[in-house]
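Chain by chain, the residues run as shown.
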Amino acid sequence: MKQLNIALLGLGTVGSGVVKIIEENQQQIQDTIGKKLHIKHILVRSKSKKRPINITQYHLTENVEDILNDEEVDIVIEVMGGITPTVDWLKQALSSGKHVITANKDLLAVHLRELEDLAEANGVALKFEASVAGGIPIVNAINNGLNANNISKFMGILNGTSNFILSKMTQENASYQDALDEAQALGFAEADPTDDVEGIDAARKVVITSYLSFNQVIRLEDVKCQGISQVTTDDIALADALGYKIKLIGKGTYDKGRVQASVEPTLIHKEHQLASVENEFNAIYVIGDAVGETMFYGKGAGSLATGSAVASDLLNVALQFESNLHTLPPHFELKTDETKEMMESGDETKLKSKESFYIVVHNQGKEAFQLEDDIKAALPLHKTLKVKDRDDSTASILVVGLDESPVKELEAKGFEIEKVYPVEGN
Ligand SMILES: NC(=O)c1ccc[n+]([C@@H]2O[C@H](COP(=O)([O-])OP(=O)(O)OC[C@H]3O[C@@H](n4cnc5c(N)ncnc54)[C@H](OP(=O)(O)O)[C@@H]3O)[C@@H](O)[C@H]2O)c1
C-alpha cells in the first residue's frame, strides 16, 4: 500500500485534535483513501513542552526546513497560526509541489487569493475548511453542495466567544464584563479578547465566506465592523420587549456585482433560526436562488471539532490526489425573474431590499410618546414601529426603511444618534 506523508506545522489545540483523529481512525482512513497516512514531522516552537498526547512515535522539530526541504512530504497541515512567517512557509510548500491545508483565518483573510493562485500554478491543493466556523463544514457546503446556486446572502454567528457573552447577558442578565470574565474562566475567551469581542475574528471569516459565496475578493478593512463591547443589558432588554435577540452577525450580500460585508450587533427576530443559537455555538445561514434558505449549525472551535474539519480536508486531498483539486465554483450573475425584471425596468430603488434598523437616539428631555411624533415627522418615508424610553436619557426606535437613510434623515433633523443596529428576520 502506498504511503502519504504529512507534516504538521503546530501541535496546539487544533494540531493535537488532528493527530488524535488520525490515530483513532487510522484503519478507516486507510480503507477510504487506499493509502497509509504517515505523520512524518511535526513543527513546534518548543520540543520540551509537555503535550496532551503521546508524542514518542513522532519526529518533533523546531526547524521548519526539515519539512519544507523534505521532498517526501506530500501534504503540509498548517495549524500554528500567525501571518508572518507562516505565509512564507506556506508559499514555499505550495511552490515545491506540496498540498497545503490550513485553519488559519487571520492569514487567509489577507492572502487567500494569492495562495490559491500559487496552488493552481503548481497543480496542488489549498484547503481551508476549518478557517470558517471550525467544525461546521461550510466551505465544502458552499463550494460543492451549493455550487449550482447563485448565493445572494449569507449571515452567521461566526464567533463563539461573543455569542457566549451575549447569551449570558440575555439569559442571566449578566453585565458585559461579568459575562466576559466567565467566558475567560471557562476557556471560551482569550486573555486578550479584542479580536473576538470587537468583531475582527468574525470579519476575517466574512472575508473568506464572501470569496466562496460571491467569488469576489473583499478587503478586511472594507468589512463594516462593530463588536459587542458597547452592547448593554438595557439594549438586550429593549430588544427582547420588541421581540428580538441581539446577536453578533457577520453578513455578506451580493447585489448587481457588488458585495457588502459587515459584522455588527444585530437584532434577530426571536422566530428566526439564528436567534436560537446560544453560548459558544456557531451557525451560518445561506440563501441560494435554487435551494432557498439553508442553515448550518455546530461547534465553531475546539480541538476535535476543528480537527474534524482539518481531517476532512486531508481525506479530500488524499482522494483527489494529483487531480485538479480546489476550483472555485463559476460565478453566475443573479438572474432570478424578479431581479431580471427590476434590472430591465431600471428601477434601482426596488432592488434594495427593505431593511430595518434599531436606532437609539438622545431623548432631548422628552417622553417617548412626544418623541414618536417628532421621529415620524422626521421620517416621512419610513414606518416607525416602536419608540421606547430608556433609563439613560435615550429612547430606542425601530424603523423600517429602504436603506440607511433613516440615520441620515434623523441626523439632519437634529437628532443625536447613540447607536444603530440592523434588524433581521422581521
Ligand atoms: N483553537 C480553535 O478551536 C481553532 C478553531 C478554528 C481555527 N483555528 C486556527 O487554527 C490555528 C491554530 O490554533 P490553535 O488554537 O491550535 O493554536 P495553539 O494552541 O496556540 O497552537 C499553536 C501551535 O503552533 C506552534 N507554533 C506557533 N508558532 C510557531 C512558530 N513560529 N514555529 C514553530 N511552531 C509554532 C506552537 O508550538 P508550541 O506548542 O511548542 O508552543 C503550537 O504547537 C490558528 O490559525 C487558529 O486561528 C483554531
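Computed from a predicted structure; not experimentally measured. (Residues numbered from 1 in each chain as written. Predicted model: local features only at pLDDT ≥ 70, side-chain atom pairs only at ≥ 80, totals over all residues.)

Peer 1: Is there a simple way to explain the overall build of the protein chain in this structure?
Peer 2: The number of helices and strands found in the protein chain is 16 helices and 16 strands. Out of the 426 residues belonging to the protein chain, those deemed buried represent 42%. Long-range contacts, defined here as pairs at least 24 residues apart, represent 73% of the contacts in the protein chain between residues at least 6 apart. (Helix = DSSP H or I, 4+ residues; strand = E, 2+ residues; numbered from the N terminus. Buried ≥ 20, exposed ≤ 12 C-beta atoms within 10 Å, placed from the backbone. Contact = placed C-beta atoms within 7 Å.)

Peer 1: Any chance you could explain the environment of Ala412 here in plain terms?
Peer 2: With respect to the helices and strands, the residue Ala412 is situated in helix H16 (residues 405-412). Using a count of 10 C-beta atoms within 10 Å as the deciding quantity, one classes Ala412 as exposed. Put simply, Ala412 and Ala378 are 34 residues apart on the chain and 8.8 Å apart in space, counted from C-alpha to C-alpha.

Peer 1: I'm lost on the site of the ligand in this one. Help?
Peer 2: As a structural note, the neighbourhood of the ligand is formed by 23 residues, with Gly10, Gly12, Met80, Gly81 and Ala301 the closest of them. A class-by-class count of the residues in the shell around the ligand yields 9 nonpolar, 11 polar and 3 charged. (Near = placed C-beta within 6 Å. Nonpolar A, V, L, I, M, F, W, Y, C, P; charged D, E, K, R; others polar.)

Peer 1: Looking at this structure, I do not really get the nonpolar core. What am I missing?
Peer 2: Across soluble globular proteins, nonpolar side chains have a tendency to be buried as a group. With 116 residues, the main nonpolar core has Leu8, Val18, Val76, Ile77, Val79, Ile165 and Val310 as its most contacted residues. Of all the elements, helix H10 (residues 200-214) adds the most residues to this core, at 8 residues. In this structure, Val18 is in contact with Leu8, Ile77, Val79, Gly307, Val310 and Ala311, ignoring residues within four places of it in sequence. (Core = buried A, V, L, I, M, F, W, Y, C linked by C-beta atoms within 7 Å.)

Peer 1: Can you help me understand the UniProt feature "binding site: NADPH" (unreviewed entry) in the protein chain in this one?
Peer 2: The UniProt entry lists Lys105 under the feature "binding site: NADPH" (unreviewed entry), expressed in the numbering used here. By secondary structure assignment, the location of Lys105 is in helix H5 (residues 105-121). Lys105 has contacts with Ser131, Val132, Arg204, Lys205 and Ile208, leaving out every residue within four places of it along the chain. (UniProt positions renumbered as here; feature names shortened; annotations may be inferred.)

Peer 1: When you look at the environment of Lys47 in this model, what are you seeing that I'm missing?
Peer 2: Along the chain, Lys47 turns up in the loop between strand E2 (36-43) and strand E3 (60-61). Considered as a pair, Lys47 and Leu60 are 13 residues apart in the sequence and their alpha carbons are 6.4 Å apart. Ignoring anything within four residues of it in the chain, the contact list for Lys47 reads Leu60 and Glu62.

Peer 1: I keep staring at the pairing of strand E4 (residues 75-78) and nothing clicks. Help me out?
Peer 2: In the case of a regular strand, side chains alternate between the two sheet surfaces. Here E4 shows two buried faces, one formed by Ile75 and Ile77 and the other by Val76 and Glu78. Taken together, the 4 bridges between strand E1 (residues 3-9) and E4 define a ladder with parallel strand orientation. Along E4, the bridge assignment pairs Leu9 with Glu78. Note that E4 and strand E5 (residues 99-102) share 4 bridges and pair parallel. Residue pairing in the sheet places Ile77 in a bridge with Ile101 of E5. With respect to chirality, the unit in which E4 leads through helix H4 (residues 86-95) into the neighbouring parallel E5 is right-handed. (Pairing = 2+ DSSP bridges. Right-handed = clockwise from strand over helix to strand, strands pointing away.)

Peer 1: Just to check I follow, could you spell out the sheet that holds E5 for this structure?
Peer 2: Strand pairing in a sheet is mediated by backbone hydrogen bonds. Such pairs are either parallel or antiparallel. Taken together, the 6 strands give an open sheet; going across it, the order is E3-E2-E1-E4-E5-E6, and neighbouring strands pair in parallel fashion. Every interior strand has two partners, whereas the edge strands, E3 and strand E6 (126-127), have only one. Along the sheet, H4 contacts E1, E4, E5 and E6; its crossing angle with E5, the most-contacted strand, is approximately 150°. (Axes fitted to C-alpha atoms, helices over the stretch in contact; angles between N-to-C directions.)

Peer 1: What exactly am I supposed to notice about helix H2 (residues 26-33) here?
Peer 2: Each α-helix winds once per 3.6 residues, and so residues spaced three or four apart point in a common direction. Summarising burial for H2: 0 of the 8 residues are buried, a small minority. Immediately beyond the C-terminal end of H2, within one or two residues, lies Gly34, with a positive phi of roughly 70°.

Peer 1: Looking at this structure, how should I read the packing of helix H1 (residues 13-24) against helix H12 (residues 303-319)?
Peer 2: Angle between the axes and distance between the axes are the two parameters that describe a pair of packed helices. Here H1 crosses H12 at 65°, and the two axes come no closer than 7 Å. As judged from the angle between their axes, H1 and H12 are roughly perpendicular. In the packing of H1 onto H12, the handedness of the crossing is right-handed. Contacts between H1 and H12 involve Thr13, Val14, Ser16, Gly17, Val18, Lys20, Ile21 and Ile22 from the first element and Ser303, Leu304, Thr306, Gly307, Ser308, Val310 and Ala311 from the second. Of the residues that constitute the contact of H1 with H12, the class distribution is 7 nonpolar, 7 polar and 1 charged. (Parallel < 35°, antiparallel > 145°, perpendicular 65-115°, else oblique. Left-handed = near helix turned anticlockwise from the far one by under 90°.)

Peer 1: What is the right way to look at the packing of H5 against H10 in this model?
Peer 2: Here H5 crosses H10 at 45°, and the two axes come no closer than 8 Å. One element, H5, and the other, H10, form an angle in the oblique class. For the element pair H5 and H10, the recorded crossing hand is left-handed. Facing Lys105, Asp106, Leu108, Ala109 and Leu112 of H5, the residues of H10 in contact are Arg204, Lys205, Val207, Ile208 and Tyr211.

Peer 1: What is the right way to read the pairing of strand E16 (residues 417-424) from this model?
Peer 2: Here 2 bridges tie strand E10 (residues 258-269) to E16, and the two strands are oriented parallel to one another. Counterpart to Leu267 in the pairing with E16 is Val423. In terms of strand pairing, strand E13 (residues 355-362) meets E16 through 6 bridges, oriented antiparallel. By the bridge assignment for E16, Ile359 is matched with Val420.

Peer 1: Would you take a moment to explain unusual backbone geometry for this structure?
Peer 2: Most peptide bonds are trans, and most residues other than glycine sit at a negative phi. Residue Pro85 follows Thr84 across a cis peptide bond; omega there is 5°. You can see Pro85 is positioned in the loop between E4 and H4. With a phi close to 50°, Lys256 is a non-glycine residue in the positive phi region. Structurally, the position occupied by Lys256 is in the loop between strand E9 (244-255) and E10. Taking the number of C-beta atoms within 10 Å as the measure of exposure, Lys256 has 11 and is therefore exposed. Positive phi values are uncommon outside glycine, yet Asn279 reaches one of about 55°. Tracing the chain through its elements places Asn279 in the loop between E10 and strand E11 (281-288). Asn279 sits in the partly exposed class, given 15 other C-beta atoms within 10 Å.

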